[in-house]
Amino acid sequence: MKRRTMSLLLNSGLFLIGLTTLAPVLWMLSASFMPSGEAGTFPPPLFPSAPTLEHYAALTERLSMMRYFLNSFIIAGSVTVVSTLLNSMAGFAFAKYQFAGRDRLFGALLSGMVVPAQVTMLPLFLMMKEMGFVNTYVGAVIPGMASIFGIFLIRQFVSAIPDSLIEAARIDGGSEFRIYRTVILPLCKPILLTLALFTFMGTWNDFMWPLIIMTDQSNYTLQVGLANLMGEHVLDLELMMAGSVVTIIPVLALFLVFQKHYVRGIMVGGVKE
Amino acid sequence: MNAAPRAAAAWIFLSPALAVIGIFFVLPVLAAFALSFTDFDIYALGNWDYFRFVGFQNYVRIFETPLFWTALRNTFYFVLAGGPLSVAVSLGTALMLHSKLARFRTFYRTVFFLPVVSSLIAVAIIWRYLYHPAHGLLNYALSFAGIGPVDWLGDTAVAMPAIIVMAVWKNFGYNMLIFLAGLQNIPDDLYEAAHLDGASGWQQFRSITLPMLKPTTVFVVMITVIGYFQLFAEPYVMTQGGPLNSTTSIVYLMYEQGFRWWSMGFAAAIAFVLFAIILAFTLVQMLLQRSVKR
């Protein structure tokens, strides 16, 4: 009997927390289909009286949301491809080579993780300005091309790969780069997927750096474009919800499909968002 | 093959990543430090001849600026109230999900994690409407309990708590996963032995679960607090630092000074004060952790 009461309490608690977690997201989805003005009435309606796609149409036709979407996709995609490559090479080197100062260098890198990114942004902006990269994709991508966390993640994984596999490839006469490409990379597939997911989703959701570096509206990412839209269309509640849906859905879909791989990244160790 | 060419190969593998980190992370950190001792402003932005070193003037000015003290207080409010609340909610939900009585565990785990991967900007926009004083869903729900209406984001007394609630909602799922992993690492036979000794559920929680979770908790507190000190996008989207600067955070102040008014020297000094606070906090945590291990 006591066990049944406990179970009832626990499961209703979980249900309530689940509802609280989902409610804002579901409301966003529902409100994005409401006719203009409906979500701002009292009492707030939970479902659209006459579902409409007009706000999605307005976003793509009038408000260059597709442009923001494309910008976000190009930036997050480039950062993901480049940083996964650079981090995997560096992580491999830290895990499988002996060289003078290796551990001290790795330790120094790790201690760099306590520096908040905001500290770098002022000089980084000035550097980008001097190099002519303000308001360009290159400027948005450059600081993300390698990451300490990514190197750490790969190093942890590659350390567990037996040295004998590498030795065998060496005896077969493979060059060091060939070993990286044909032995290490294939074995690293799961962790590369994890790292790529983290990088893509992190870059997609990043706000402050694109806000600083992109000065022209046509170069805004979705996050910056959405925040900007908020300034102009704050009373257009349904439109803002449609914009939020467009911004959230891609990463949410990625997460739901690759959940297992994403969660592994958290388990491997300290993730700095 | 001897070791020398292999070391060379290692450096070839390392150099692209190290170059990126060196040029676009380490160098800017050092440059920011130097910048914080200059009067770099909008004129210098146009022509680099127009700035000079001013010693500690920016740091002196920080401490003479009332808005900095407000931002510092707000940031600590957010960290000291939001941090523990976030960790407590994460631990609570992890314990609930870990219980054998819980049903649909995988489903809930996924649901609780959804806000973590959602865009902070989109989430802040949703919550801004949920918090709307006249037609927000939250006030509507509270009206059934006879509470309100509350002007969540327009009242200096509740604006920061409102942002804290949203932030906890957004990120508790992350720490929950880490706690769940920690809970799964506690060997079952510890509980069995305690059960045989007649320990109650609460006693088991106090003397097995909590101590065994200590390393996990230290880690979770550390990453949560470091993240919370960097509060920026929530006030940027939801309140623009208001009402009456009650949600202006240190990073928000830095952004305003550096990228709106282009007082970059002053903003760099603000950034370094934040860095110093985070560093001090990290060191204290590490010392505590070390003393726990002994």
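As the structure is a computational prediction, the values presented were derived from the model and not from experiment. (Residues numbered from 1 in each chain as written. Chains lettered and ligands numbered in written order. Predicted model: local features only at pLDDT ≥ 70, side-chain atom pairs only at ≥ 80, totals over all residues. Heavy atoms only, no water.)

Participant: So what's going on with the overall build of chain B? Residues and values would help.
Facilitator: Scanning chain B for helices and strands turns up 14 helices and zero strands. The linear arrangement of helices and strands in chain B, starting from the amino end, is α-α-α-α-α-α-α-α-α-α-α-α-α-α. Taken against the 2.2 N^0.38 rule, which gives 19 Å for 294 residues, the C-alpha radius of gyration of chain B at 24 Å runs more than 25% over that of a compact globule. Scored against the burial criterion, the 294 residues of chain B give a buried share of 53%. Considering only intrachain contacts with a sequence separation of at least 6, the fraction spanning at least 24 residues in chain B is 67%. (Helix = DSSP H or I, 4+ residues; strand = E, 2+ residues; numbered from the N terminus. Rg over C-alpha atoms; globule rule 2.2 N^0.38 Å. Buried < 20%, exposed > 50% of the residue type's maximum accessible area, 1.4 Å probe, protein only. Contact = heavy atoms within 4.5 Å.)

Participant: Break down the layout of surface pockets for me, citing the residues and quoting the values.
Facilitator: Roughly 1,200 Å³ of internal volume is contained in the second largest pocket. Every residue lining the second largest pocket is counted, 26 residues in all, and those nearest its centre are M6 of chain A together with S99, K100, G201 and Q204 of chain B. Residue assignment for the lining of the second largest pocket shows that the elements contributing at least two residues are α1 (2-31) of chain A together with α4 (66-98), α8 (159-184), α9 (188-196) and α10 (201-212) of chain B. Tallied by class, residues from the lining of the second largest pocket come to 12 nonpolar, nine polar and five charged. (1 Å grid on protein atoms, 1.4 Å probe; cavity = no way out; pocket = protein on both sides within 12 Å on 5 of 7 lines; lining within 4 Å. Points joined across faces, edges and corners; volume = space filled by probe spheres on them. Nonpolar A, V, L, I, M, F, W, Y, C, P; charged D, E, K, R; others polar.)

Participant: Tell me about the interface of chain B and chain A, and name the residues and values.
Facilitator: Every contact between the two is made by 87 residues of chain B and, on the other side, 97 residues of chain A. Taken over both partners, the interface formed by chain B and chain A buries close to 8,100 Å², and the fraction arising from carbon and sulfur atoms is 82%. Counting the surface chain B buries against chain A, the share from its top three residues, F13, F24 and Y129 of chain B, is 10%. At the boundary of chain B with chain A, the tally comes to zero salt bridges. (Buried area = accessible area lost by both parts, 1.4 Å probe. Salt bridge = Lys/Arg side-chain N within 4 Å of Asp/Glu carboxyl O.)

Participant: Describe the nonpolar core, and please don't skip the residues or the numbers.
Facilitator: Core analysis: the biggest nonpolar cluster contains 198 residues, and W27, M241 and Y262 of chain A together with F113, I125, F259 and M264 of chain B have the highest contact counts within it. Looking at this core, the element that brings in the most residues is α8 of chain B, giving 16 residues. (Core = buried A, V, L, I, M, F, W, Y, C linked by side-chain atoms within 4.5 Å.)

Participant: Describe the environment of P51 of chain A, and please don't skip the residues or the numbers.
Facilitator: Following the sequence through the fold, P51 of chain A ends up in the loop between α1 and α2 (54-61). Distance from P51 of chain A to F125 of chain A, taken between C-alpha atoms, is 44 Å for residues 74 residues apart in sequence.

Participant: How would you explain the packing of aromatic side chains if you had to name every residue and give the values?
Facilitator: Scanning the entire structure with this criterion turns up 54 aromatic pairs over all chains. Pairwise contacts between aromatic rings join F125 and F207 of chain A together with F232, Y236, Y252, Y255, F259 and W262 of chain B into one cluster. Of note, R61 of chain B hangs over the ring of F266 of chain B, and the distance from its end group to the ring centre comes to 3.8 Å. (Phe/Tyr/Trp six-rings, centres within 6.5 Å; stacked < 30°, edge-to-face > 60°. Lys NZ or Arg CZ within 6 Å of the ring centre and 35° of its normal.)

Participant: A description of a nonpolar patch on the surface should follow, citing residues and the corresponding values.
Facilitator: Residues and elements named next belong to chain A. Residues F15, L16 and L19 make up a contiguous nonpolar surface patch of roughly 310 Å² in combined accessible area. Counting through the fold element by element, L19 comes out in helix α1. Owing to a relative accessible area of 45%, L19 belongs among the partly exposed residues under this scheme. (Patch = residues over 30% accessible without salt bridge, like charges linked within 9 Å, V, L, I, M, F, W, Y side chains within 5 Å. Areas by Shrake-Rupley, 256 points an atom, 1.4 Å probe, with all protein chains shown as cover.)

Participant: Describe the pattern of salt bridges, naming the residues involved and giving the relevant values.
Facilitator: Using the criterion set out here, one finds six salt bridges over all chains in the structure. Residue K96 of chain A pairs with D163 of chain A through a salt bridge whose shortest N-O separation is 2.8 Å. Of the two residues, K96 of chain A is situated in helix α3 (residues 65-96) and D163 of chain A in helix α8 (residues 163-171); the sequence distance between them amounts to 67 residues. Taking the relative accessible area as the measure of exposure, K96 of chain A reaches 16% and is therefore buried. With a closest N to O distance of 3.4 Å, E256 of chain B and R260 of chain B form a salt bridge. Taken as a pair, E256 of chain B and R260 of chain B lie in helix α13 (residues 250-260) at a separation of four residues, close to a single helical turn. A relative accessible area of 14% places E256 of chain B in the buried class. According to the relative accessible area criterion, R260 of chain B is partly exposed, its value standing at 47%. A network of salt bridges, in which partner residues are shared, links E167, R170 and E176 of chain A.

Participant: Please provide a residue-by-residue account of the environment of T70 of chain B, values included.
Facilitator: Residue and element names in this part refer to chain B. By the secondary structure assignment, T70 is in helix α4. A relative accessible area of 19% means that T70 is categorised as buried. In sequence terms T70 and I12 are 58 residues apart; their C-alpha atoms lie 49 Å from each other. Setting aside residues no more than four positions away along its own chain, T70 makes contact with N245 and T248.

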